[in-house]
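This is what each chain is made of:
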Amino acid sequence: MKIAIGSDHAGYPLKEKIKEFLSREGYEVLDFGTHTKDSTHYPLYAKHVAKAVLEGKAHRGILVCGTGIGMSITANKFPGIRAALCTNEYMARMSRLHNDANILCLGERVLGTELALSIVKVWLETPFEGGRHEKRVELITEIEHETCGKDIPR
Ligand code: RB5
(Lines give C-alpha, C1' and ligand atoms only; values in the text may rest on other atoms or scores of the structure.)
Protein backbone atom coordinates (compact mmCIF):
# COMPACT_ATOMS: atom_id res chain seq x y z
CA MET A 1 0.00 0.00 0.00
CA LYS A 2 1.25 3.47 -0.94
CA ILE A 3 0.98 6.21 1.70
CA ALA A 4 1.25 9.95 1.00
CA ILE A 5 2.60 11.84 3.99
CA GLY A 6 3.06 15.51 4.82
CA SER A 7 3.61 17.83 7.76
CA ASP A 8 4.41 21.40 8.65
CA HIS A 9 7.39 22.32 10.87
CA ALA A 10 5.45 21.40 14.06
CA GLY A 11 4.81 17.91 12.75
CA TYR A 12 8.11 17.36 11.01
CA PRO A 13 9.89 15.24 13.67
CA LEU A 14 6.87 12.94 14.06
CA LYS A 15 6.47 12.71 10.27
CA GLU A 16 10.04 11.43 10.03
CA LYS A 17 9.36 8.80 12.71
CA ILE A 18 6.16 7.72 10.97
CA LYS A 19 8.06 7.40 7.70
CA GLU A 20 10.63 5.09 9.30
CA PHE A 21 7.82 3.05 10.86
CA LEU A 22 5.94 2.75 7.55
CA SER A 23 9.05 1.62 5.69
CA ARG A 24 9.78 -0.98 8.39
CA GLU A 25 6.20 -2.25 8.05
CA GLY A 26 6.58 -2.59 4.27
CA TYR A 27 4.55 0.42 3.09
CA GLU A 28 5.67 2.59 0.21
CA VAL A 29 5.89 6.25 1.28
CA LEU A 30 5.43 9.40 -0.84
CA ASP A 31 6.79 12.30 1.23
CA PHE A 32 5.36 15.71 0.25
CA GLY A 33 7.37 17.62 2.87
CA THR A 34 8.13 19.67 4.78
CA HIS A 35 11.77 18.61 4.94
CA THR A 36 13.11 20.89 7.69
CA LYS A 37 12.04 22.38 11.03
CA ASP A 38 11.82 25.87 9.47
CA SER A 39 8.48 27.56 9.98
CA THR A 40 6.05 26.92 7.14
CA HIS A 41 2.30 26.69 6.40
CA TYR A 42 0.31 23.49 6.95
CA PRO A 43 -2.28 24.03 4.11
CA LEU A 44 0.47 23.61 1.50
CA TYR A 45 1.18 20.04 2.62
CA ALA A 46 -2.44 19.10 3.24
CA LYS A 47 -3.17 20.12 -0.36
CA HIS A 48 -0.40 17.92 -1.82
CA VAL A 49 -1.41 14.88 0.21
CA ALA A 50 -5.15 15.32 -0.47
CA LYS A 51 -4.47 15.60 -4.22
CA ALA A 52 -2.22 12.52 -4.21
CA VAL A 53 -5.02 10.49 -2.62
CA LEU A 54 -7.72 11.87 -4.93
CA GLU A 55 -5.59 11.30 -8.01
CA GLY A 56 -4.86 7.70 -6.98
CA LYS A 57 -1.12 8.29 -6.58
CA ALA A 58 -1.48 7.05 -3.01
CA HIS A 59 -4.03 4.73 -1.39
CA ARG A 60 -4.18 6.75 1.85
CA GLY A 61 -2.66 9.87 3.38
CA ILE A 62 -1.21 10.89 6.73
CA LEU A 63 -0.85 14.54 7.80
CA VAL A 64 0.87 15.89 10.90
CA CYS A 65 0.89 19.40 12.35
CA GLY A 66 1.03 20.74 15.91
CA THR A 67 -2.53 19.79 16.80
CA GLY A 68 -3.68 18.02 13.63
CA ILE A 69 -6.54 20.54 13.45
CA GLY A 70 -5.23 22.75 10.66
CA MET A 71 -4.39 19.71 8.56
CA SER A 72 -7.84 18.18 9.03
CA ILE A 73 -9.66 21.44 8.27
CA THR A 74 -7.65 21.87 5.07
CA ALA A 75 -7.79 18.28 3.85
CA ASN A 76 -11.56 18.14 4.35
CA LYS A 77 -11.98 21.06 1.93
CA PHE A 78 -11.23 18.59 -0.88
CA PRO A 79 -14.35 16.75 -2.06
CA GLY A 80 -13.71 13.03 -1.77
CA ILE A 81 -11.38 13.40 1.19
CA ARG A 82 -12.52 12.08 4.53
CA ALA A 83 -9.79 13.22 6.90
CA ALA A 84 -9.98 12.01 10.50
CA LEU A 85 -8.16 13.73 13.37
CA CYS A 86 -7.46 10.92 15.83
CA THR A 87 -6.00 11.10 19.32
CA ASN A 88 -6.31 7.44 20.24
CA GLU A 89 -6.56 3.98 18.68
CA TYR A 90 -10.34 3.77 19.19
CA MET A 91 -10.90 6.87 17.05
CA ALA A 92 -8.47 5.52 14.45
CA ARG A 93 -10.32 2.19 14.28
CA MET A 94 -13.75 3.79 14.11
CA SER A 95 -12.68 6.32 11.46
CA ARG A 96 -11.90 3.39 9.21
CA LEU A 97 -14.75 1.04 10.17
CA HIS A 98 -17.54 3.62 10.03
CA ASN A 99 -16.25 6.63 8.05
CA ASP A 100 -13.90 5.03 5.52
CA ALA A 101 -11.41 7.81 6.35
CA ASN A 102 -8.78 8.15 3.63
CA ILE A 103 -6.52 10.62 5.46
CA LEU A 104 -5.32 10.38 9.07
CA CYS A 105 -4.44 13.63 10.84
CA LEU A 106 -2.22 13.68 13.91
CA GLY A 107 -1.01 16.37 16.32
CA GLU A 108 2.64 16.08 17.26
CA ARG A 109 2.15 18.47 20.20
CA VAL A 110 -0.72 16.34 21.49
CA LEU A 111 0.59 12.79 21.14
CA GLY A 112 3.64 10.87 22.31
CA THR A 113 5.55 9.04 19.61
CA GLU A 114 4.54 5.53 20.68
CA LEU A 115 0.84 6.42 20.81
CA ALA A 116 1.08 8.13 17.42
CA LEU A 117 2.68 5.06 15.83
CA SER A 118 0.12 2.80 17.42
CA ILE A 119 -2.69 5.00 16.01
CA VAL A 120 -1.07 4.81 12.55
CA LYS A 121 -0.84 1.01 12.73
CA VAL A 122 -4.47 0.55 13.77
CA TRP A 123 -5.67 3.04 11.15
CA LEU A 124 -3.79 1.36 8.31
CA GLU A 125 -4.82 -2.15 9.28
CA THR A 126 -8.55 -1.54 9.82
CA PRO A 127 -10.88 -2.04 6.83
CA PHE A 128 -14.11 -0.14 6.10
CA GLU A 129 -17.04 -2.07 7.53
CA GLY A 130 -19.48 -1.10 4.73
CA GLY A 131 -23.09 -2.19 5.31
CA ARG A 132 -25.14 0.56 6.94
CA HIS A 133 -22.07 2.80 6.93
CA GLU A 134 -21.88 2.68 3.13
CA LYS A 135 -25.12 4.68 2.87
CA ARG A 136 -23.83 7.28 5.35
CA VAL A 137 -20.60 7.79 3.45
CA GLU A 138 -22.64 8.05 0.24
CA LEU A 139 -24.66 10.81 1.89
CA ILE A 140 -21.42 12.72 2.54
CA THR A 141 -20.61 12.38 -1.16
CA GLU A 142 -24.10 13.65 -2.02
CA ILE A 143 -23.51 16.73 0.11
CA GLU A 144 -20.22 17.28 -1.70
CA HIS A 145 -22.11 17.13 -5.02
CA GLU A 146 -24.68 19.60 -3.73
CA THR A 147 -22.09 22.06 -2.43
CA CYS A 148 -19.40 21.64 -5.09
CA GLY A 149 -21.28 20.31 -8.11
CA LYS A 150 -18.41 18.14 -9.25
CA ASP A 151 -17.69 14.49 -9.90
CA ILE A 152 -16.47 13.12 -6.61
CA PRO A 153 -14.17 10.09 -6.60
CA ARG A 154 -14.96 7.41 -4.01
C1 RB5 B 1 1.97 25.79 13.99
O2 RB5 B 1 2.39 26.64 15.00
C3 RB5 B 1 0.59 25.25 14.31
O4 RB5 B 1 -0.34 26.29 14.30
C5 RB5 B 1 0.20 24.18 13.33
O6 RB5 B 1 1.15 23.18 13.33
C7 RB5 B 1 -1.12 23.47 13.59
O8 RB5 B 1 -1.21 23.04 14.91
C9 RB5 B 1 -2.32 24.17 13.12
O10 RB5 B 1 -3.44 23.65 13.20
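Residues numbered from 1 in each chain as written. Predicted model: local features only at pLDDT ≥ 70, side-chain atom pairs only at ≥ 80, totals over all residues. Heavy atoms only, no water.

**Student:** Describe the site of the ligand, listing the residues and the values that go with them.
**Tutor:** Close to the ligand lie D8, H9, A10, Y42, C65, G66, T67, I69, G70 and R109. In this structure, an oxygen atom belonging to the ligand sits 3.0 Å away from a main-chain N or O atom of T67. Surface burial for the ligand is 72%, taken as the share of its 290 Å² of free accessible area covered by protein chains. Per-class residue counts for the shell around the ligand are four nonpolar, four polar and two charged. (Near = heavy atom within 4 Å. Polar contact = N/O pair within 3.5 Å; in protein donor to acceptor, adjacent residues only side chain to side chain. Areas by Shrake-Rupley, 256 points an atom, 1.4 Å probe, with all protein chains shown as cover. Nonpolar A, V, L, I, M, F, W, Y, C, P; charged D, E, K, R; others polar.)

**Student:** Residues and numbers for the packing of helix α1 (residues 12-24) against helix α5 (residues 113-125), please.
**Tutor:** Where α1 contacts α5, the two axes come as close as 10 Å, and the packing angle between them is 50°. As judged from the angle between their axes, α1 and α5 are oblique. The element α1 and its partner α5 pack so that their crossing is right-handed. Contacts between α1 and α5 pair L14, K17, I18, F21 and L22 from the former with T113, A116, L117, V120, K121 and L124 from the latter. A breakdown of the residues in the contact of α1 with α5 according to their chemical character gives eight nonpolar, one polar and two charged. (Axes fitted to C-alpha atoms, helices over the stretch in contact; angles between N-to-C directions. Helix = DSSP H or I, 4+ residues; strand = E, 2+ residues; numbered from the N terminus. Parallel < 35°, antiparallel > 145°, perpendicular 65-115°, else oblique. Left-handed = near helix turned anticlockwise from the far one by under 90°. Contact = heavy atoms within 4.5 Å.)

**Student:** Mind laying out the nonpolar core, listing which residues take part and the relevant values?
**Tutor:** Formed by 23 residues in total, the largest nonpolar core has its most connected members in I18, L22, I62, L104, L106 and V120. Elements with a minimum of two residues in this core: β1 (2-7), α1, β3 (60-65), β5 (103-107) and α5. (Core = buried A, V, L, I, M, F, W, Y, C linked by side-chain atoms within 4.5 Å. Buried < 20%, exposed > 50% of the residue type's maximum accessible area, 1.4 Å probe, protein only.)

**Student:** Describe in detail unusual backbone geometry, supporting the description with residues and values.
**Tutor:** Cis geometry marks the peptide bond from G33 to T34; its omega dihedral reads 5°. As for its placement among the helices and strands, T34 is situated in the loop between β2 (28-31) and α2 (42-54). Within the chain, D100 stands out as a residue other than glycine whose phi angle is a positive 50°. Mapped onto the fold, D100 is located in the loop between α4 (89-97) and β5. Look at D100 and you get buried, because its relative accessible area is 13%.

**Student:** Describe α2, and please don't skip the residues or the numbers.
**Tutor:** Between its first and last C-alpha, α2 extends 18 Å over 13 residues, near the 18 Å set by a 1.5 Å rise per residue. Where α2 is concerned, the buried positions are Y45, A46, V49, A50, A52 and V53. Buried residues along α2 cover an arc of 160° about the axis, so they all sit on one side. If you follow the buried residues of α2, they end up packed against β1, β3, α3 (69-75) and β5. Immediately beyond the C-terminal end of α2, within one or two residues, lies G56, with a positive phi of roughly 80°. (Expected span 1.5 Å × (residues − 1). Arc of directions from axis to C-beta.)

**Student:** Could you give an account of the pairing of β5, with specific residues and numbers?
**Tutor:** For β5, a buried count of five out of five residues is recorded, marking the element as mostly surrounded by other parts of the structure. Neither face of β5 is exposed, since I103, C105 and G107 on one face and L104 and L106 on the opposite face are all buried. Of the strand pairs in this sheet, β3 and β5 are connected by five bridges, and their pairing is parallel. Paired with G61 across the two strands is I103, which belongs to β5. In this sheet, β5 lies alongside strand β4 (residues 83-85) in parallel orientation, the contact comprising three bridges. (Pairing = 2+ DSSP bridges.)

Shape is all these values report; function is a separate question.
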